Amino acid sequence: MDRRKVKKTDGDINSSVVIDRPATRLMPPFVPGGQPGVAEGPLISEQVEAMMAQMNTPDADVIVIGAGPGGYVAAIRAAQLGGKVVIIEKDALGGVCLNRGCIPTKAMLSSAEAFDLIARRNSEFGVNVSGEVTLDYPKVLDRRDKVVKQLVGGVGFLMKKYNVRVITGTAKLISANTVEVTLPDGKTEKVTARSIIIATGSEAVKLPVPGLEGDNVWDSDGALAATEVPKRLLVIGGGAIGIEWGYMFRKFGSEVTIVEMMDQILPLTDSEIANDLKKILDKMGIRILLGSMASKVEHKKGAEVVTVITGDSEQQIEADKVLVAVGRSSVSAGLGLGEIGVKTEKGRITVDDRMRTSVAGVYAIGDVVGGMLLAHKASEEGVIAAENCMGRDSKMSYKSVPAAVYTTPEVATVGMNEEQLKEQGIEYKVGRFQFRANGKSLGIGEREGYVKFLADPKYGEILGCHILGPHATDLIQEVVIAMDSEATIEVIGRAIHGHPTLSEVVKEAALDVNGESIHKG
Ligand code: FAD
């Protein structure tokens, strides 16, 4: 049949799509009951078929629920592959990452570093500052909000560019192909699609500790909303989020105590790196209590008094604000998952390596499926799910997902750490190189830390890399690519690294695995 492309719009410019449709000029108009002498049998049946097909055509190829870094990236990828895409978001485009997570915290951390450099380290760089250097916290927040606004606007622009229809509302699955959206005015709309990607993210876990409530008790969102720097801050939880907030407020001038249940901060990080970061934070004046638990909080004379248990001893610590950062849990309640048979485990949606849930046509990605709760992991899972929705066969690999902490020095890691290698009985060699022996590190005044490689002794396979140092979060990327492409430690060691760059420390640490570092003293 002669077919031509017809542009179909349903009133929303974002939902215009090119569809394949039979050329109408070859067909007589269809009239129910037939038109004697005009319509011929086969043509009418073909027309009925075409109309029926159109009636059964879903509104979209893919519906994405949640517009965080998982969901919006999935929407773009599906659209790139020719899909008609609808994305449903109940709050702001960009999700936690852009609005309340990665981006606002890093913008604030930059202000903290600038303050530290000008107020405390100016003379080291030969810069005289006359008068008192003070912090204008409302301006810090204003700058942060501008950064967020610009990036959220950027996601909106991309949605338009890719003709993704954005619906503001709360989504619930009615079937494997239908989503009901409760719009801001309380009305509902049903949207259908061939595939659905759930990307509803995570929320802060609440600790069942008596007294942990009220305006002086924050989760990460509460800390973002604060308009003043607290004089005394007690952080419960020494993971990445707790450490970043504690570090940031210390730089802004708060007295900070961090209470961590495990015997190291950043419990999943290589212990050598985590312990060395702790020493640096100790030197900054952050009080870190390991192996400790907050057991109750009392409000006394305007202060929060936190009872902290360490082993057999108990102490009371006063703080103006208590920040709870003990982890995040999946947002999966109220989505109708149980009703349509999507399996979950402790709230996390169960998926396979193609991001498929237990229901055909329904995929899930990002924080809601658990694993490493990181934006870039969510985005890559989004790409995988979108490609599978659009007929490709893509598999997710978690072998080389980098993780980072944005203190100074930064922490960045990829692959296995020493504890995991020991546990699994895997043989390894270690290569290390210190930033203090690197020209650029000394020049920029960031001399603390090192790069540590763990590699297979026989074949040189890179098993892990752990960096504590300046711009570690950018430096790790060369190792991620090396691991992805199965390049050996020798490849990094032999590759020419520009001079003077921080990346020379990566090269030297790679060479050190075989005792061939040129500059190691
Ligand atoms: P989210 O970003 O959580 O987005 C989910 C979206 O779904 C939300 O916008 C939500 O409103 C929407 N939604 C939920 N339910 C519905 C519904 N029923 N209908 C419609 N919409 C719905 N990660 C990093 O990689 N690097 C960092 O530096 C980093 N820093 C962080 C700092 C903080 C303080 C926090 C809290 C997190 C940080 N993260 C960081 C983690 C990162 O933010 C998350 O891993 C990432 O946002 C997960 O993306 P997602 O798309 O899975 O979900």
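Residues numbered from 1 in each chain as written. Predicted model: local features only at pLDDT ≥ 70, side-chain atom pairs only at ≥ 80, totals over all residues. Heavy atoms only, no water.

J.: With reference to specific residues and values, describe the site of the ligand.
T.: Neighbouring the ligand are 39 residues, the closest being G70, E89, K106, D367 and A375. L373 has a polar backbone atom sitting 3.3 Å from an oxygen atom of the ligand. Within the backbone of A375, one N or O atom sits 2.8 Å away from an oxygen atom of the ligand. Looking at the shell around the ligand, the element that brings in the most residues is helix α3 (residues 95-100), giving four residues. For the shell around the ligand, the class distribution of residues is 17 nonpolar, 15 polar and seven charged. (Near = heavy atom within 4 Å. Polar contact = N/O pair within 3.5 Å; in protein donor to acceptor, adjacent residues only side chain to side chain. Helix = DSSP H or I, 4+ residues; strand = E, 2+ residues; numbered from the N terminus. Nonpolar A, V, L, I, M, F, W, Y, C, P; charged D, E, K, R; others polar.)

J.: Kindly report on the nonpolar core, identifying the contributing residues and their values.
T.: In terms of nonpolar packing, the biggest core is built from 56 residues, with I63, M159, L173, V179, I197 and I198 touching the most fellow members. Ignoring anything within four residues of it in the chain, the contact list for I197 reads V62, I63, V64, I65, A74, Y363, I365, A385, A386 and C389. Of all hydrophobic cores here, the second largest spans 34 residues; its members include W218, I273, I286 and V411. (Core = buried A, V, L, I, M, F, W, Y, C linked by side-chain atoms within 4.5 Å. Buried < 20%, exposed > 50% of the residue type's maximum accessible area, 1.4 Å probe, protein only. Contact = heavy atoms within 4.5 Å.)

J.: Break down the sheet that holds strand β16 (residues 313-319) for me, with residues and values.
T.: With respect to topology, three strands assemble into an open sheet ordered β14-β15-β16, the strand pairing being antiparallel. Bordering the open sheet on either side are β14 (292-300) and β16, each of which pairs with just one other strand. Ignoring which end each strand starts from, the neighbouring axes of this sheet average 25° apart. As paired elements, β14 and strand β15 (residues 303-310) share eight bridges and run antiparallel to each other. (Pairing = 2+ DSSP bridges. Axes fitted to C-alpha atoms, helices over the stretch in contact; angles between N-to-C directions.)

J.: An account of the side chain of S441 is needed here, citing residue identities and associated values.
T.: Relative to the elements of secondary structure, S441 occurs in helix α12 (residues 439-444). In this structure, S441 is in contact with F435, E446, R447, P470 and L502, ignoring residues within four places of it in sequence.

J.: Mind laying out the packing of aromatic side chains, listing which residues take part and the relevant values?
T.: What describes a pair of aromatic rings is the distance from one ring centre to the other and the angle between the planes of the rings. Using the criterion set out here, one finds four aromatic pairs in the structure. Aromatic pair Y137 and F252: ring centres 5.5 Å apart, planes at 80°, arrangement edge-to-face. Note that Y137 is positioned in helix α5 (residues 137-161) and F252 in helix α7 (residues 240-252), a separation of 115 residues in sequence. For the pair Y137 and F252, a shared accessibility class is recorded, and that class is buried. Residues W245 and F249 carry aromatic rings whose centres are separated by 5.6 Å and whose planes lie at 15° to one another, so their mutual orientation is stacked. Placement of both W245 and F249 in helix α7 is noted, with a separation of four residues, approximately one turn of the helix. Like W245, the residue F249 is buried in the burial classification. Through successive ring pairs, a cluster of aromatic residues spans Y137, W218, W245, F249 and F252. (Phe/Tyr/Trp six-rings, centres within 6.5 Å; stacked < 30°, edge-to-face > 60°.)

J.: For the sheet that holds strand β12 (residues 255-259), give the residues involved together with the corresponding values.
T.: Read from one edge to the other, the open sheet built from five strands follows the order β10-β17-β11-β12-β13, with strand pairing classed as parallel. Here the strands that pair on one side only, and so sit at the sheet edges, are β10 (217-218) and β13 (287-289). Examined bridge by bridge, strand β11 (residues 232-236) and β12 share five bridges and lie parallel to one another. For I236, the partnering residue across the bridge sits in β12 and is V259. The sheet strands contacting α7 are β10, β11, β12 and β17 (321-324), and the helix crosses β12 at an angle near 165°.

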